[in-house]
Amino acid sequence: MTALIVIDMQNDFCPGGALAVAEGDSIVSGINALMKSSNAVILTQDWHPADHSSFASQHEAQAPYEMIDMPYGPQVLWPDHCVIGSQGAAFHPELDVNRADMVIRKGFRREIDSYSAFFENDHTTPTGLEGYLRTRKISSLLLAGLATDFCVAYSAIDAAKLGFDVTVCMDLCRGIDLDGSLEAAKAQMQDAGVSLA
Ligand code: VGL
Ligand code: ZN
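Given the structure is predicted, the values throughout are model-derived calculations rather than measurements.

Parameters at a glance
- Every chain's residues receive numbers from 1 upward, in the order its sequence appears when written.
- Think of it this way: whatever chain is written first is A, whatever ligand is written first is 1, and the rest follow in order.
- Note on the predicted model: pLDDT of at least 70 is required for a residue's local features to be given, and 80 or more for side-chain atom pairs to be given and counted; whole-chain, interface and lining totals, by contrast, use all residues.
- The side-chain figures draw on all heavy atoms in the structure; neither hydrogens nor water molecules are used.
- Site definitions follow a grid-based scheme: protein atoms alone, a 1 Å grid, a 1.4 Å probe that fits but cannot get out for cavities, and for pockets an open set with protein on both sides within 12 Å along at least five of seven lines, plus lining residues having an atom within 4 Å of a point.
- Grid points are joined across faces, edges and corners, and a volume is the space filled by probe spheres set on the points.
- The way it works is that DSSP assigns letters per residue, a run of H or I at least four long becomes a helix, a run of E at least two long becomes a strand, and they are numbered from the N terminus.
- Polar here means any residue outside two lists: the nonpolar Ala, Val, Leu, Ile, Met, Phe, Trp, Tyr, Cys and Pro, and the charged Asp, Glu, Lys and Arg; Gly therefore counts as polar.
- Any two strands between which DSSP finds at least two bridges are classified as paired.
- We define the nonpolar core as a collection of buried residues of types Ala, Val, Leu, Ile, Met, Phe, Trp, Tyr and Cys that are connected through side-chain atoms lying within 4.5 Å of one another.
- A 1.4 Å probe rolled over the protein chains alone gives each residue an accessible area, and that area as a share of the maximum for its type sets the label: buried under 20%, exposed over 50%, partly exposed in between.
- In this description, contact between two residues means that some pair of their heavy atoms is separated by no more than 4.5 Å.
- A cutoff of 4 Å decides nearness: a residue is near a molecule or strand if any of its heavy atoms lies inside that distance of it.
- Within 3.5 Å is the distance limit for a polar contact, defined as a pair of N or O atoms, with the added protein rule that one can donate a hydrogen and the other accept it, and that residues adjacent in sequence qualify only through two side-chain atoms.
- To measure how exposed things are, a 1.4 Å probe is used in the Shrake-Rupley method; for residues, cover is taken only from the protein chains shown.
- Being in a pocket or cavity means that more than half of the molecule's atoms lie within 2 Å of its grid points.
- Donor atoms (N, O, S) are those found within 2.8 Å of the metal centre, with the cutoff raised to 3.2 Å for Na, K and Ca; water is not part of the atom list, so apparent gaps in a site can occur.
- Each label reflects the angles at the metal, where four donors whose angles all fall between 85 and 135 degrees are tetrahedral, four or six donors whose opposite pairs open beyond 155 degrees and whose other angles stay between 65 and 115 are square planar or octahedral respectively, and the rest are irregular.
- This arc is built from the directions going out from the helix axis to the C-beta atoms.
- Any carboxyl oxygen of Asp or Glu within 4 Å of a side-chain nitrogen of Lys or Arg constitutes a salt bridge here.

1. Points about the layout of surface pockets
Okay, so step 1: Put simply, the largest pocket is a space of about 540 Å³.
Okay, so step 2: In this structure, the largest pocket is lined by 23 residues; those nearest its centre are Tyr115, Asp149, Phe150, Tyr154 and Gln188.
Okay, so step 3: The biggest single contributor to the lining of the largest pocket is helix α3 (residues 148–161), with seven residues.
Okay, so step 4: A breakdown of the residues in the lining of the largest pocket according to their chemical character gives 13 nonpolar, six polar and four charged.

2. What about the sheet that holds strand β8 (residues 195–196)?
Okay, so step 1: Strand order in this open sheet of six strands is β5-β2-β1-β6-β7-β8, and the pairing throughout is parallel. The sheet terminates laterally at β5 (102–106) and β8, the two strands that pair on one side only.
Okay, so step 2: As defined by bridge partners, strand β1 (residues 2–7) adjoins strand β6 (residues 140–146) across six bridges and the pair is classed as parallel. Note on β6: the bridge partner recorded for Val6 is Ala144.

3. As for empty space enclosed by the protein
Okay, so step 1: Enumeration over the complete set of coordinates arrives at one cavity of 30 Å³ or more.
Okay, so step 2: Estimated volume of the largest cavity: approximately 110 Å³.
Okay, so step 3: Along its surface, the largest cavity is lined by 15 residues, and Phe13, Asp46, His81, Tyr115 and Cys151 are the ones closest to its centre.
Okay, so step 4: Of the residues in the lining of the largest cavity, the class split is nine nonpolar, three polar and three charged.

4. Description of the nonpolar core
Okay, so step 1: Among the nonpolar cores identified, the biggest contains 59 residues, and Phe118, Leu133 and Leu141 are the most heavily contacted of them.
Okay, so step 2: Sort the elements by how many residues they give to this core and α3 lands first, with eight residues.
Okay, so step 3: Those residues in contact with Leu133 that lie beyond four places of it in its chain are Ala3, Ile5, Ile42, Phe118, Ile138, Leu141 and Phe164.

5. A closer look at the site of ligand 1
Okay, so step 1: Looking at ligand 1, the residues that line it are Asp8, Phe13, Leu19, Asp46, Trp78, His81, Tyr115, Leu146, Ala147, Phe150 and Cys151.
Okay, so step 2: One nitrogen or oxygen atom from the main chain of Ala147 is found 3.1 Å from an oxygen atom belonging to ligand 1.
Okay, so step 3: At 3.0 Å from an oxygen atom of ligand 1 is found a main-chain nitrogen or oxygen belonging to Cys151.
Okay, so step 4: Protein chains shield 100% of the accessible area of ligand 1, which is 260 Å² for the free molecule.
Okay, so step 5: With respect to the pocket detection grid, ligand 1 is positioned in the largest cavity.
Okay, so step 6: Residues that form the shell around ligand 1 fall into these classes: eight nonpolar, one polar and two charged.

6. Section: the coordination of the zinc ion (ligand 2)
Okay, so step 1: Protein coordination of the zinc ion (ligand 2) is provided by Asp46 (OD), His48 (NE2) and His81 (NE2), with donor distances spanning 2.0 to 2.2 Å.
Okay, so step 2: Viewed at the metal, the four donor atoms of the zinc ion (ligand 2) are separated by angles of 88 to 169°, and the geometry they form is irregular.
Okay, so step 3: The sequence motif formed by the donor residues of the zinc ion (ligand 2) is D-x1-H-x32-H. Of this pair, His48 sits in the loop between β2 (41–46) and β3 (67–70) while His81 sits in the loop between β4 (73–76) and β5; the two residues are 33 residues apart in sequence, bridging distant segments of the chain. Comparing His48 with His81, the two get one shared label, buried.

7. A look at helix α4 (residues 181–191)
Okay, so step 1: Buried within α4 we find Ser181, Leu182, Ala185 and Met189. One face of α4 carries all of its buried residues, which in axial projection span an arc of 95°. With respect to the buried face of α4, the exposed residues turned more than 90 degrees away are Glu183, Gln190 and Asp191.
Okay, so step 2: For α4, the secondary structure elements touched by its buried residues are α3, β7 (165–174) and β8.

8. Structural notes on the pattern of salt bridges
Okay, so step 1: A full pass over the atoms with the stated rule returns nine salt bridges.
Okay, so step 2: When the shortest N-O distance is used, the salt bridge between Asp96 and Arg99 registers 3.6 Å.
Okay, so step 3: In this structure Asp96 comes out as partly exposed when scored by relative accessible area, which is 23%.
Okay, so step 4: A salt bridge links Glu183 to Lys186; the nearest nitrogen and oxygen atoms lie 3.3 Å apart. Here the residue Glu183 and the residue Lys186 both occupy positions in helix α4, the gap between them amounting to three residues, near one helical turn.
Okay, so step 5: Exposure remark for Lys186: the relative accessible area of 25% places this residue in the partly exposed category.
Okay, so step 6: Where salt bridges share partners, they join Asp8, Asp46 and Lys106 into one cluster.

Written out as structure tokens, the structure reads:
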């Protein structure tokens, strides 16, 4: 059984949002179409407290897109985005959310960021998605959404490491591309055994 996992199709990652991905909104209709032909649909939702440690605003003298060392490793500092309950954290208004069987929220612990749909950025704290998929007997995954080089790539690589058969629909993803992060993410996904379609 195959599931479609739609990563972070939220207002803040679309044009006009706090952490806008170029053309982020252009993939919504294609994702809606793919949902119609999928027998399981899962949405992820980036969901941060207002004082989240990944926000540059929480660190004196640091600007968005700078790096910081967290106890779990290097972390990019972001503009405040996807704050719990805000319009920015809401799904894109045209996303067909009624098609979703399950919505998984991530990044709700102040101390730790969570790009992947499976594990937080310490690579050990689980979100619970693996258990959900296994109990539904889902073994293959199609991924689409935002952003290719962060949450999509981290999710795809973790899924492949967990033994799922993973395909990323590259034309239904858009990237942030910080310092070549898009090319690096593609190479890392391929090395992990992810198919890029
Ligand atoms: C994302 C940066 C921060 C993403 C989420 O969805 O790719 N990127 N939070
Ligand atoms: Zn985030």
